[in-house]
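# Close look at the chain arrangement
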Amino acid sequence: MAGITSAPFRTLCRRFSGDRCLYVSEMITARAFVEGHARTLQLASFGKDETSRKSIQLYGTNPDTLAQATRMLVQEHGVHHIDMNFGCPVRKVTAAGGGAAIPVRPKLLQKIVRAVVASAGAVPVTIKFRKGIDDALPTFLDAGRIGEGEGVKAVALHARTAAQLYSGEADWNAITELKQHVRTIPVLGNGDIFESHDA
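Note that the structure is predicted; figures quoted are calculated from it, not measured.

Conventions we followed
Residues numbered from 1 in each chain as written. Predicted model: local features only at pLDDT ≥ 70, side-chain atom pairs only at ≥ 80, totals over all residues. Heavy atoms only, no water. Pairing = 2+ DSSP bridges. Helix = DSSP H or I, 4+ residues; strand = E, 2+ residues; numbered from the N terminus. Right-handed = clockwise from strand over helix to strand, strands pointing away. Polar contact = N/O pair within 3.5 Å; in protein donor to acceptor, adjacent residues only side chain to side chain. Expected span 1.5 Å × (residues − 1). Buried < 20%, exposed > 50% of the residue type's maximum accessible area, 1.4 Å probe, protein only.

## A short note on the pairing of strand E6 (residues 187-190)
- The sheet contact formed by strand E5 (residues 154-161) and E6 spans four bridges and is parallel. In the strand pairing of E6, His158 is matched with Asn190.
- The parallel pair E5 and E6, bridged by helix H8 (residues 172-181), forms a crossover whose chirality is right-handed.

Next up, the structure:
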């Protein structure tokens, strides 16, 4: 939700639904956070009303940098939850091997998730991902299996491929299929809040 889930937006959401929900930050890049880039530090900041359930959406491609960013977020910024973004379909992200392109490389995905979970300690880590790059290259079952095996607390599937971006129909059956493969942790699914279904 880049450009949307800023601290003021999260405050507005909390005003209408209270503190019983989880409000996740905009996506931040691990490398930029570790290097102290001003814009990234601003995105990673929290409002005065955000004293509990501080949730950061983290992105990166290097396990060591992601581990360092995770330690900083937990130990220095008091984050309560880390959500890893392996679903971004934007061309500049996937062209650099990030976002929805990471699950195509399951060994790298496993290294990243393992590093972040270990560095987070008691802080829960969740991951989100897409169905795959396109219909010919599905990755969601491997991504779910890796997340479950490496100790994440939940997985979330956006039931579209990266090629679809945010258009076309979501594959709701893929969410069911993922749930059949991932048994020990919650499986969350979405197809986009703006999608409508005919009766």
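## Observations concerning the environment of His37
- With respect to the helices, strands and loops of the structure, His37 is situated in the loop between helix H2 (30-34) and helix H3 (38-43).
- Of the polar contacts made by the side chain of His37, one reaches the side chain of Glu35; its length is 3.0 Å.

## Quick notes on helix H4 (residues 63-75)
- For H4, built from 13 residues, the straight-helix expectation of 18 Å at 1.5 Å per residue is met to within 8% by its first-to-last C-alpha distance of 18 Å.
- When we look at burial in H4, the residues that qualify are Pro63, Leu66, Ala67, Ala69, Thr70, Met72, Leu73 and Val74.
- For H4, the side-chain oxygen to backbone nitrogen distance between the N-cap and Asp64 is 2.9 Å, and the N-cap itself is Asn62.

## Quick look at the pairing of strand E3 (residues 81-86)
- With six of six residues buried, E3 is to be regarded as a mostly interior element.
- With burial as the criterion, each face of E3 is covered, one bearing His81, Asp83 and Asn85 and the other bearing Ile82, Met84 and Phe86.
- Here strand E2 (residues 55-59) runs beside E3; their pairing, made up of four bridges, is parallel. Bridge pairing in E3 links Gln57 to Asp83.
- Handedness of the β-α-β unit built from E2, H4 and E3 comes out right-handed.
- Note: E3 against strand E4 (residues 125-132), five bridges, orientation parallel.

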